[in-house]
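What follows is the residue order along each chain.
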Amino acid sequence: MQSKSVYLAGPFFSKEQNDRVTTVKRLLETNQTINSEAIFLPGKDEYTDAPVGSFEWQIATFNADIRQIDQADIVVAILDYELEDDKHESDAGTIWECGYAFGQHKPVFLIRFDKQTELSINLMLAGSYTAMFNGEKDAQNLASYDFYNLKNKYVHLNVI
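Treat the numbers as computed from the prediction; the structure is a model and nothing was measured. Note on numbering: residues in each chain are counted from 1, in written sequence order. Under the rules for a predicted model, residues below a pLDDT of 70 receive no local features and side-chain atom pairs below 80 are neither given nor counted, while totals for whole chains, interfaces and linings still include all residues. Side-chain measures were taken over the full set of non-hydrogen atoms in the model, leaving aside hydrogen atoms and water.

Here we look at the environment of S5
Phase 1 of the analysis: Mapped onto the fold, S5 is located in strand β1 (residues 4-9).
Phase 2 of the analysis: On the basis of relative accessibility, which here comes to 15%, the residue S5 falls in the buried class.
Phase 3 of the analysis: In this structure S5 touches A38, Q71, A72, D73 and I74, once residues within four positions along its chain are discounted. Going along the chain from the N terminus, every DSSP run of H or I of four or more residues is numbered as a helix, and every run of E of two or more is numbered as a strand. The buried label goes to any residue with under 20% of its type's maximum accessible area, the exposed label to any with over 50%, and the partly exposed label to all in between, with areas taken from a 1.4 Å probe on protein chains only. Contacts are residue-level and defined by heavy atoms, with any inter-residue pair within 4.5 Å sufficient.

Structure follows, in structure tokens:
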């Protein structure tokens, strides 16, 4: 079987967010069902022909990310956004990418590092994932999860 390509969604605006992206990427790279050379990181593979934030950059970045989701076999999304500020909301862009991927019939995998025991998740996001990895210890299972067979893995969360 051909190993899977990944679109790795998640915020990348702070050192802590980038550390979580790096952690998930490393775990995926060790997984035998993932093509370690085909993990796309939106924050690392940015459009550089125009200033960041300019209209041209916005359109080019949006279109490139959509193409990458379309080409990927799966989407892995890190939900933690401003965790260090004790905010437990997910990044809006990451949520949108999950919805788009689900609409394109791509399996979506959610990751949360949040240590809060009573986690809440939006109903639409909860209904769209194939598997969820909840907490730092559970995230380690990304290294051995079978992305060929795509077994459902649910986490009990408060759905809002």
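Quick notes on helix α2 (residues 55-71)
Phase 1 of the analysis: Between the first and last residue of a helix there are one fewer steps than residues, each counted as 1.5 Å, and that sum is the expected span. The terminal C-alpha atoms of α2, which comprises 17 residues, lie 24 Å apart, in line with the 24 Å expected from a rise of 1.5 Å per residue.
Phase 2 of the analysis: Where α2 is concerned, the buried positions are W57, A60, T61, D65, I66 and I69.
Phase 3 of the analysis: Where α2 is buried, its residues meet β1, β2 (34-40), β3 (74-78) and α3 (92-103).

A word on the environment of F147
Phase 1 of the analysis: Among the structural elements, F147 can be located in the loop between α5 (136-139) and β7 (158-159).
Phase 2 of the analysis: Separated by 13 residues in sequence, F147 and N134 place their C-alpha atoms 17 Å apart.
Phase 3 of the analysis: Dropping the residues within four chain positions of it, F147 is found in contact with K4, L28, N31, T33, I34, I74, F109 and L142.

Description of the packing of α2 against α3
Phase 1 of the analysis: A fitted line through C-alpha atoms represents every axis, and for helices the fit uses only the stretch in contact; the resulting angles, taken between N-to-C directions, go from 0 to 180 degrees. Axis separation between α2 and α3 bottoms out at 10 Å; the angle between their running directions is 45°. In terms of their interaxial angle, α2 and α3 are classed as oblique. Crossing of α2 against α3: the hand is right-handed. Contacts between α2 and α3 involve F62, D65, I66, I69 and D70 on the former and, on the latter, W96, E97, Y100 and A101.
Phase 2 of the analysis: Among the residues forming the contact of α2 with α3, the class breakdown is six nonpolar, no polar and three charged. Here the angle decides the label: under 35 degrees means roughly parallel, over 145 means roughly antiparallel, 65 to 115 means roughly perpendicular, and every other value means oblique. For a crossing to be left-handed, the near helix must be turned anticlockwise from the far one by less than a right angle; the clockwise case is right-handed. Gly counts as polar in this scheme, as do all residues outside two lists: the nonpolar Ala, Val, Leu, Ile, Met, Phe, Trp, Tyr, Cys and Pro, and the charged Asp, Glu, Lys and Arg.

Comments concerning the sheet that holds β2
Phase 1 of the analysis: Spatial strand order, β2-β1-β3-β4-β6: five strands in an open sheet with parallel pairing. Two strands bound the open sheet, and with one partner strand each, they are β2 and β6 (131-134). Between one strand axis and the next, the sheet turns through 25° on average, direction left out of account.
Phase 2 of the analysis: In this sheet, β2 lies alongside β1 in parallel orientation, the contact comprising three bridges. Across the sheet, residue V6 finds its bridge partner in β2, namely I39.
Phase 3 of the analysis: The strands touched by α2 are β1, β2 and β3; relative to β1, the strand with the most contacts, the crossing angle is about 145°. Criterion used throughout: strands pair if DSSP finds at least two bridges between them.

Comments concerning the nonpolar core
Phase 1 of the analysis: Nonpolar core, defined: a set of buried Ala, Val, Leu, Ile, Met, Phe, Trp, Tyr and Cys residues in which side-chain atoms within 4.5 Å join the residues together. Counting residues in each nonpolar core, the largest one holds 22 residues, and the members touching the most others are Y7, L110, I121 and M132.
Phase 2 of the analysis: Of all the secondary-structure elements, those providing two or more residues to this core are β1, α2, β3, α3, β4 (108-112) and α4 (123-126).
Phase 3 of the analysis: Counting residues per element, this core draws most heavily on α3, at three residues.
Phase 4 of the analysis: Once residues lying within four places of it in the same chain are set aside, the contact partners of L110 are A77, L79, C98, I121, L125, Y129, A131, M132 and F133.

A short note on the pairing of β4
Phase 1 of the analysis: β4 sits mainly inside the fold: five of its five residues count as buried.
Phase 2 of the analysis: Because side chains alternate across β4, one face comprises the buried residues V108, L110 and R112, and the other comprises F109 and I111, equally buried.
Phase 3 of the analysis: Pairing of β3 with β4, which is carried by four bridges, proceeds in the parallel orientation. Looking at β4, one finds that I78 is bridged to I111.
Phase 4 of the analysis: Examined bridge by bridge, β4 and β6 share four bridges and lie parallel to one another. Following the sheet pairing, R112 is matched in β6 by N134.

Everything listed here is a matter of geometry and, on its own, says nothing about what the molecule does.
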